[in-house]
Amino acid sequence: MAKKTKSKQGNRAKTPAAARKAKRSRKGAAKKKRSVKTSSVRKKAVRKKAVKKTKKTPAGKRKKAVKTSKQRVAARNKVSARKAPAARKKRQSAQTAKAAKTVGPAKPAPSAVTSSERPAAPIAAPVTAKAKPPAAPPAKPRAKLPPAPQLAVRPHAAEAPARRSFYITTAISYPNGVPHIGHAYEAIATDAIARFMRLDGYDVFFLTGTDEHGQKIQQTAVKEGLSPRDLVDRNAQRFREMVARMNCSNDDFIRTTEARHHAASRAIWERMEANGDIYLAKYAGWYSVRDERYFAEDETRLNEQGTRVAIETGTPVDWVEEESYFFRLSAYQDKLLALYAEHPDFVLPKERLNEVASFVKGGLQDLSISRTTFDWGVRVPGNDKHIMYVWVDALTNYITAVGYPDVGSEMFRKYWPADLHVIGKDIVRFHAVYWPAFLMSAGVAVPRRIFSHGFLFNRGEKMSKSVGNVIDPFALADAYGVDQLRYFFLREVPFGQDGNYSHEAIVTRINAELANDLGNLAQRSLSMVAKQFGGVLPAPGDFSEADRTILASADAMIAGAREAMKTQALHQVLNQIWAVVADANRYFAGEAPWALAKTDPARQATVLFVTAEVIRQVAILAQPFIPQSAGKLLDLLAVPEGERDFARLGGTYRLASGVSLPAPVGVFPRYVEAEAGNS
């Protein structure tokens, strides 16, 4: 029989399962009762609180006070939805302001002075601005430009029967004064490259000229009591005479006052403007008339006299505030860096490219490209009040000379892009930054290379018109000879580096290398031909090891010269030539042909023929550097005019024996110091 238990609620006996079930039922009922009571109490409390709050709240807010939690959440979501567009608009405005600060009308190179010096002025603020300048109008989409070609090493004439074009220029000289030896040095070096390329089978176009606009010209003319036109007409003629005196082979001499150049300058301006890269604003900053350049505040200082000068050049700067057109140079930063990266020899020497790339990486500011404070220059199309910044029209000369704006002309298609601009290292920034940016904007291919040469120092002192220590190139040519002067500067100074010169250094090169080494070798050997063989070049016998060695050295010169010319290493070309001249002198002394006249005439004939052949190759390769003297040597060897190009070098061609030679004469006279009292 099952055991009976006693319930807490009575004495009624139940089974264990039934007892547990009854217990659960009782607990559930109690919980439900408590829950109903609590809910009722809570509702009463809420109603009581709401009534109390309503008495203290304005009528318009009673409805809000009795909102449920769900209603409150919905209300918050609705408010957030209304605020979202405003927030987005605020964020977009901030982003727009930031973008405008980055790519808008950036400050030009000069910066504002401090309040203690001059009142602060807006930099590149649009003319219409009153308080804060708005951002410049966005640039228009740019047309796809042709790739910037690299100066390729073209095959020489033997490998390319068809003539290839080669366009080379100097920087155009500023004729606010007469030429000095620095101008002549650049012209001589550029001419040597042009002559080299012609002799190597290229169709060369060689340009030089004068840059005749700008405030500096106008100020100089006023000081001399002349009109700007009279001043440039007088001085440009002297520069034209200088390149002729230095025996330069230029094909054109451009003057930026010519009508053809004004037309080209206006055309490139209009192309840049149509591309959205020119806008009107206000310029305020430091400007150097002498340098034709703007300087930032931190690029200037006060000198001992209290005059503000450019730190880099030492030239005085003036504060300028005027309406100006600006070029969006800042928009071309990435394009220029890409150009330098893709064409690492776009600027030579390489250290100059590194300087330019560093400048561009530092951030480019938009460039002021017009002035209203003077009127000597090319007028801006559509706004005669403005004159183009001198560097805009000056740089354009390079395309003016080949027919721009007629880009479809035979001249332009044949010679542009230029293969080489030869310039001074002080104007690299204008040629390697501003110039390619202008061309990119106008949709014109950039030049293939910029080569910057160094400065010449007279006994360590830099020449300067302001200091008054400039050297007249005409006087130097009269004193030493044109070829002697050309040879000295191109042999003495590694092209691209600074160099020193002095009277003693020039005389040493003339007497030791031209008169003694080459001149004496030619005079002695050809005199023996005249005396021993009646002036007829003898036929050689079998070549000895010594003969083959010196001929091989002469034959190798042209390959080495071409390799050096790939990077315009003019001094290395001359080094190779004179290394062979030195070898030939040792060969001649070792073979002693004067002694062979009695002991072995046949061997003497071979030695004299080999020596003449070496001199022939030396003279042909030296033509770019000493054209008159090398021509005289070739005349003495009876080399026809049509057989003096580089295709005749390298061992594929030899002198013809049995040819009658003219009577030998000295080609390189020694320099003899004038006696005291007779100078």
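Please refer to the structure placed before this passage.
Residues numbered from 1 in each chain as written. Predicted model: local features only at pLDDT ≥ 70, side-chain atom pairs only at ≥ 80, totals over all residues. Heavy atoms only, no water.

### Some points on the pattern of salt bridges
Logical step 1: Inspection of every chain in the model, using the stated rule, returns 32 salt bridges.
Logical step 2: R586 is paired through a salt bridge with D583; the nearest N and O atoms lie 2.4 Å apart. Taken together, the positions of R586 and D583, both in helix 17 (residues 570–591) and three residues apart, correspond to about one turn of that helix.
Logical step 3: As a salt-bridge pair, R644 and E641 come within 3.6 Å of each other at their nearest N and O atoms.
Logical step 4: Under the relative-accessibility criterion, R644 is labelled buried at 8%.
Logical step 5: Through salt bridges with shared partners, one network takes in E212, R229, D233 and R255. (Salt bridge = Lys/Arg side-chain N within 4 Å of Asp/Glu carboxyl O. Helix = DSSP H or I, 4+ residues; strand = E, 2+ residues; numbered from the N terminus. Buried < 20%, exposed > 50% of the residue type's maximum accessible area, 1.4 Å probe, protein only.)

### Considerations on the pairing of strand 1 (residues 164–170)
Logical step 1: Of all seven residues in strand 1, six are buried; the element is thus mostly enclosed.
Logical step 2: Tracing the backbone out of strand 1, into helix 4 (residues 181–199) and back to the parallel element strand 2 (residues 202–210) gives a crossover that is right-handed. (Right-handed = clockwise from strand over helix to strand, strands pointing away.)

### Details of the sheet that holds strand 5 (residues 293–295)
Logical step 1: The four strands are arranged 5-4-8-10 in an open sheet whose pairing can be described as antiparallel. Of all strands in the sheet, those with a lone pairing partner are strand 5 and strand 10 (367–368), marking the two edges.
Logical step 2: Relative to strand 8 (residues 318–327), strand 4 (residues 278–288) is paired through 10 bridges, and the arrangement is antiparallel. Looking across to strand 8, one finds that I278 is bridged to F327.
Logical step 3: Sitting on the sheet, helix 12 (residues 428–442) is in contact with strand 5, strand 8 and strand 10, with an inclination near 35° to strand 8. (Pairing = 2+ DSSP bridges. Contact = heavy atoms within 4.5 Å. Axes fitted to C-alpha atoms, helices over the stretch in contact; angles between N-to-C directions.)

### Some remarks on the sheet that holds strand 11 (residues 370–371)
Logical step 1: In spatial order, the strands read 11-13-12; together these three strands make up an open sheet with antiparallel pairing. Looking at which strands have only one partner, the edges of the open sheet turn out to be strand 11 and strand 12 (379–380).
Logical step 2: In the sheet, strand 11 pairs with strand 13 (residues 383–388) via two bridges, with the strands oriented antiparallel. In the sheet register, S370 faces strand 13, and the bridge partner there is M388.

### Focus on the packing of aromatic side chains
Geometry of an aromatic ring pair is reported as the spacing of the ring centres plus the angle between the planes.
Logical step 1: Following the criterion strictly, the structure yields 26 aromatic pairs and no others.
Logical step 2: Measuring from ring centre to ring centre gives 6.3 Å for F412 and W416, while their planes differ by 25°; the resulting arrangement is stacked. Comparing F412 with W416, the two get one shared label, buried.
Logical step 3: Look at Y480 and Y671: their rings are 5.4 Å apart centre to centre, the planes differ by 40°, and that puts the pair in the tilted class. Here Y480 is found in helix 13 (residues 473–480), whereas its partner Y671 is found in the segment after helix 20 (627–636), with 191 residues between them in sequence.
Logical step 4: An aromatic cluster is built from Y167, F205, Y398, Y404, F412, Y415, W416 and W435, whose rings are joined through pairwise contacts.
Logical step 5: R371 extends its terminal NZ or CZ atom over the ring of Y287, reaching a point 4.6 Å from the ring centre. (Phe/Tyr/Trp six-rings, centres within 6.5 Å; stacked < 30°, edge-to-face > 60°. Lys NZ or Arg CZ within 6 Å of the ring centre and 35° of its normal.)

### Thoughts on the side chain of R352
Logical step 1: Mapped onto the secondary structure, R352 falls in helix 9 (residues 350–361).
Logical step 2: Buried and without a salt bridge, R352 has E355 as its closest oppositely charged side chain, separated by 4.2 Å.
Logical step 3: One polar contact links the side chain of R352 to the main-chain carbonyl oxygen of G496, over a distance of 3.2 Å.
Logical step 4: With sequence-adjacent residues up to four places away left out, R352 is seen in contact with V347, K425, V428, S452 and G496. (Lys, Arg positive; Asp, Glu negative; His and termini not counted. Polar contact = N/O pair within 3.5 Å; in protein donor to acceptor, adjacent residues only side chain to side chain.)

### Description of helix 13
Logical step 1: Listed in full, the buried residues belonging to helix 13 are P473, F474, L476, A477 and Y480. Down the axis, helix 13 shows its buried residues gathered within 165° of arc, on one side only.
Logical step 2: Here the buried face of helix 13 lies against helix 4, helix 6 (228–245), helix 14 (482–492) and helix 15 (503–532).
Logical step 3: A side-chain oxygen of the first residue of helix 13 lies 3.0 Å from the backbone nitrogen of F474; this N-cap is D472. (Arc of directions from axis to C-beta.)

### Quick notes on helix 8 (residues 333–342)
Logical step 1: All of the buried residues along helix 8 are Q333, L336, L339 and Y340. Taken around the axis of helix 8, the buried residues stretch over an arc of 125°, which confines them to a single face. Among the exposed residues of helix 8, those pointing more than 90 degrees away from its buried face are D334, A341 and E342.
Logical step 2: The inward-facing, buried residues of helix 8 abut helix 9 and helix 12.

### Here's the deal with the packing of helix 5 (residues 215–224) against helix 6
Angle between the axes and distance between the axes: these two values describe a pair of packed helices.
Logical step 1: It is at 8 Å that the axes of helix 5 and helix 6 come closest, and there the two elements cross at 95°. What the angle tells us is that helix 5 and helix 6 run roughly perpendicular. Along its contact with helix 5, which presents I217, Q218, T220, A221 and E224, the element helix 6 presents P228, L231, V232 and R234.
Logical step 2: Split into classes, the residues belonging to the contact of helix 5 with helix 6 amount to five nonpolar, two polar and two charged. (Parallel < 35°, antiparallel > 145°, perpendicular 65-115°, else oblique. Nonpolar A, V, L, I, M, F, W, Y, C, P; charged D, E, K, R; others polar.)

### Concerning the environment of R260
Logical step 1: Inspection of the secondary structure puts R260 in helix 7 (residues 259–274).
Logical step 2: Given a relative accessible area of 33%, R260 falls into the partly exposed group.
Logical step 3: For R260 and Y404, which are 144 residues apart along the polypeptide, the C-alpha to C-alpha distance reads 8.8 Å.
Logical step 4: When sequence neighbours within four positions are dropped, the list of residues in contact with R260 reads D252, F253, I254, T400 and A401.
Logical step 5: There is a polar contact of 3.2 Å between the side chain of R260 and the side chain of D252.

### A short note on unusual backbone geometry
Trans peptide bonds make up most of the peptide bonds, and negative phi angles are found at most residues other than glycine.
Logical step 1: Geometrically, the link from Y404 to P405 is a cis peptide bond, its omega value of 15° lying close to zero.
Logical step 2: Note on placement: P405 falls in the loop between helix 10 (390–400) and helix 11 (410–415).
Logical step 3: Between W416 and P417 the backbone carries a cis peptide bond, its omega angle lying at 10°.
Logical step 4: Summarising the element assignment, P417 is placed in the loop between helix 11 and strand 14 (420–424).
Logical step 5: Residues other than glycine seldom take positive phi values, yet A592 does so here, at roughly 45°.
Logical step 6: Here A592 is to be found in the loop between helix 17 and helix 18 (593–599).
Logical step 7: Residue A592 is classed as buried on the basis of its relative accessible area of 16%.
Logical step 8: Within the chain, A638 stands out as a residue other than glycine whose phi angle is a positive 60°.
Logical step 9: Looking at the element boundaries, A638 is found in the segment after helix 20.

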